[in-house]
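# Close look at the chain arrangement
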Amino acid sequence: HQSSDESDWDEWADAMVQADASGSTGLPIDSVTDESWEQAHIDAFCDDGIKPEDHPVWQSLQPISIQPAPVSNFSSQRSVRDWLLHFIPHTCRLISMLGVEQHVRTDFFTDSVPSPSTVIALAASDNDLRISCFTTNQQQLQALLEVLIPSKSKGQSLRLTFEGLSEVYKQTVHTVVTNLGYHIGQEEPCALWAQLKTPLAGLASALPSGYTWQRPHPGDCEKILTAWKYGTDKTRPLLKFMLRKLPRVGVAVHGELVGWCFLYPDGTLGILHVHHAHRQQRLASAMVHKLCQNDPLLPDVPRLTCIEPGTPASERIFQRLGFAKVDALVYWHFS
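Now for a look at the structure at hand. The structure displayed is predicted, hence computed values, not measured ones.

Calculation criteria
Residues numbered from 1 in each chain as written. Predicted model: local features only at pLDDT ≥ 70, side-chain atom pairs only at ≥ 80, totals over all residues. Heavy atoms only, no water. Buried < 20%, exposed > 50% of the residue type's maximum accessible area, 1.4 Å probe, protein only. Helix = DSSP H or I, 4+ residues; strand = E, 2+ residues; numbered from the N terminus. Arc of directions from axis to C-beta. Contact = heavy atoms within 4.5 Å. Pairing = 2+ DSSP bridges.

Turning to helix H6 (residues 170-179), its buried residues number three or more, namely Lys170, Thr172, Val173, Val176 and Val177. Down the axis of H6, the sector holding all buried residues measures 160 degrees, keeping them to one side. Of the exposed residues in H6, those oriented more than 90 degrees away from the buried face are Gln171 and Asn179. In the core, the buried residues of H6 are packed alongside helix H5 (138-148), strand E6 (159-166), strand E7 (184-195) and strand E13 (323-334). Phi turns positive, to about 100 degrees, at Gly181, one or two residues after H6.

Shown next, in the form of structure tokens:
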């Protein structure tokens, strides 16, 4: 979804993909007119089970002094995904973002398609730029971020959010964004958990008597938004997208939805909720188990969830289902 209003991000993104005077750096994102060429690459994505609404624009950086340029074929997508698979579970979010349709434009960048050391995903919406990254070389991560993130200028309203940022990268990110003129904002810590073991014996997705499975549908949007901790007008478009496009489960009593769990576009399980009157019946465990068992999108990637500090009940649910803590993350905002 792109706002009809002009934004700082729009201007920057357009500038990043313009061909240079010689035409050697590639074409603007929207300039492909050869429909057969475009369809061939869409078909290549579909053959891999990847069917994005707007397929990602992969760009490579060679020397850091060169501006990013669109890669003209999709072999880079396969190459970078194969590299990310070596670092599961820490790279599961990026693999999911690459392979699952996203609700906003998302561009992927790397330092080298044949042999990456760093992958960065940028998701733009209005004046918000959301960044996810993984690296084995923090100097390269710093250099790429310095190229990809526009400097803060007077009157600019661009906001940055580093999503699911490993604590290991915090100093590098802090150095880059403060040098670019941004002010540090709120930090939201969480722990990344991955399903690395078989669920405990006896756990199943069977429901207690009186409960039935009922998949949430778009008509449930306002009910879910009201109960969701992060439910706002700003997150409503994301929820509507998830209700149309992504795996989800729900539990009902007499046709009334009383619990639900979703898969986010980055592959993490979330928005897990059970109404107070229906707790202590392991409905949350049943929903998570069912969603993990039935999710067909990324069979070679373990399921993930992010658990906030001070929520031992959530930790117990996921431990029973074979999840373990694998990293300390932060959602970090800058303006």
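We now examine unusual backbone geometry. The omega torsion across Ile88 and Pro89 is 10 degrees, close enough to zero to call that bond cis. Checked against the element boundaries, Pro89 lands in the loop between helix H3 (75-85) and helix H4 (92-99). For Ile271, which is not glycine, the phi torsion reads 50 degrees and is therefore positive. Within the element layout of this structure, Ile271 appears in strand E11 (residues 268-274). Residue Arg282 is not a glycine yet carries a positive backbone phi of 60 degrees. Along the chain, Arg282 turns up in the loop between E11 and helix H9 (283-294).

Of all eight residues making up strand E5 (residues 128-135), eight are buried, and the element is well covered by its neighbours. The alternating pattern of E5 places Asp128, Arg130, Ser132 and Phe134 on one face and Leu129, Ile131, Cys133 and Thr135 on the opposite face, and all of these are buried. Between strand E4 (residues 118-125) and E5, which pair antiparallel one after the other, the connecting turn spans two residues, and Asp126 there sits at a positive phi close to 55 degrees. For E5 and E6, the ladder comprises four bridges, and the chain directions are parallel. If you follow Asp128 over to E6, its bridge partner there is Arg159.

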